[in-house]
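Structural description and commentary
Single-letter residue listing:
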Amino acid sequence: MADTRPRLLLAEDDPQLGPLMARVLDEVYEVRLVPDGGDALDAALEGLFDVLIIDRRLPTVDGVSM
């Protein structure tokens, strides 16, 4: 059975906040958590996401530059 929930990319580098947000959002979305701005940019460009939640202060590439 395929997951039919909308796909969400969550870019959050806080090791406590990121997983907590992912667990809460997983009730509605298929969540992919990425802790680095560069990795988040790559994922956003290669994947099909319905929603992006991007932290403004990320390592490598900040959320504003993304």
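The structure under discussion appears in the preceding block.
Presented here is a report on the structure given in the accompanying data block. (Residues numbered from 1 in each chain as written. Predicted model: local features only at pLDDT ≥ 70, side-chain atom pairs only at ≥ 80, totals over all residues. Heavy atoms only, no water.)

**Here we look at the sheet that holds strand 3 (residues 51-54)**
- Strand order in the open sheet formed by 3 strands is 2-1-3, and the pairing between neighbours is parallel. Lying at the two open borders of the sheet, with one neighbouring strand each, are strand 2 (30-34) and strand 3. Across the sheet, the axes of successive neighbouring strands diverge by a mean angle of 15°, strand direction being ignored.
- Bridging between strand 1 (residues 7-11) and strand 3 involves 4 bridges; their strand directions are parallel. Note on strand 3: the bridge partner recorded for Leu8 is Val51. (Pairing = 2+ DSSP bridges. Helix = DSSP H or I, 4+ residues; strand = E, 2+ residues; numbered from the N terminus. Axes fitted to C-alpha atoms, helices over the stretch in contact; angles between N-to-C directions.)

**Some remarks on the packing of aromatic side chains**
- Applying the stated criterion across every chain, the model contains 0 aromatic pairs.
- Across the ring face of Phe49, the terminal group of Arg7 is positioned such that the distance to the ring centre comes to 4.7 Å. (Phe/Tyr/Trp six-rings, centres within 6.5 Å; stacked < 30°, edge-to-face > 60°. Lys NZ or Arg CZ within 6 Å of the ring centre and 35° of its normal.)

**Side note on helix 2 (residues 37-46)**
- Residues Gly37, Gly38, Ala40 and Ala43 constitute the buried set of helix 2.
- Where helix 2 is buried, its residues contact strand 1 and strand 2.
- Residue Asp36 occupies the N-cap position of helix 2, its side-chain oxygen lying 2.9 Å from the main-chain nitrogen of Gly38. (Buried < 20%, exposed > 50% of the residue type's maximum accessible area, 1.4 Å probe, protein only. Contact = heavy atoms within 4.5 Å. Polar contact = N/O pair within 3.5 Å; in protein donor to acceptor, adjacent residues only side chain to side chain.)

**Focus on the nonpolar core**
- One finds Leu9, Ala11, Val34, Ala40, Ala43, Phe49 and Leu58 forming the largest nonpolar core, which totals 7 residues.
- Among the secondary structure elements, those contributing two or more residues to this core are strand 1 and helix 2.
- When residues no more than four places from it in sequence are discounted, the contact partners of Ala40 are Leu9, Ala11, Val34 and Met66. (Core = buried A, V, L, I, M, F, W, Y, C linked by side-chain atoms within 4.5 Å.)

**Here we look at the pattern of salt bridges**
- Summed over the entire model, instances satisfying the criterion amount to 3 salt bridges.
- Here Arg5 makes a salt bridge to Asp3, at a shortest N to O gap of 2.6 Å.
- Accessibility expressed as a relative area gives 27% for Arg5, which makes it partly exposed.
- Here Glu30 makes a salt bridge to Arg7, at a shortest N to O gap of 3.9 Å. With Glu30 in strand 2 and Arg7 in strand 1, this pair connects stretches of sequence that are 23 residues apart.
- Take Glu30: its relative accessible area is 28%, and that puts it in the partly exposed class.
- According to the relative accessible area criterion, Arg7 is partly exposed, its value standing at 29%.
- Salt bridges here are not isolated pairs; linked through shared partners, they connect Asp3, Arg5 and Asp26. (Salt bridge = Lys/Arg side-chain N within 4 Å of Asp/Glu carboxyl O.)

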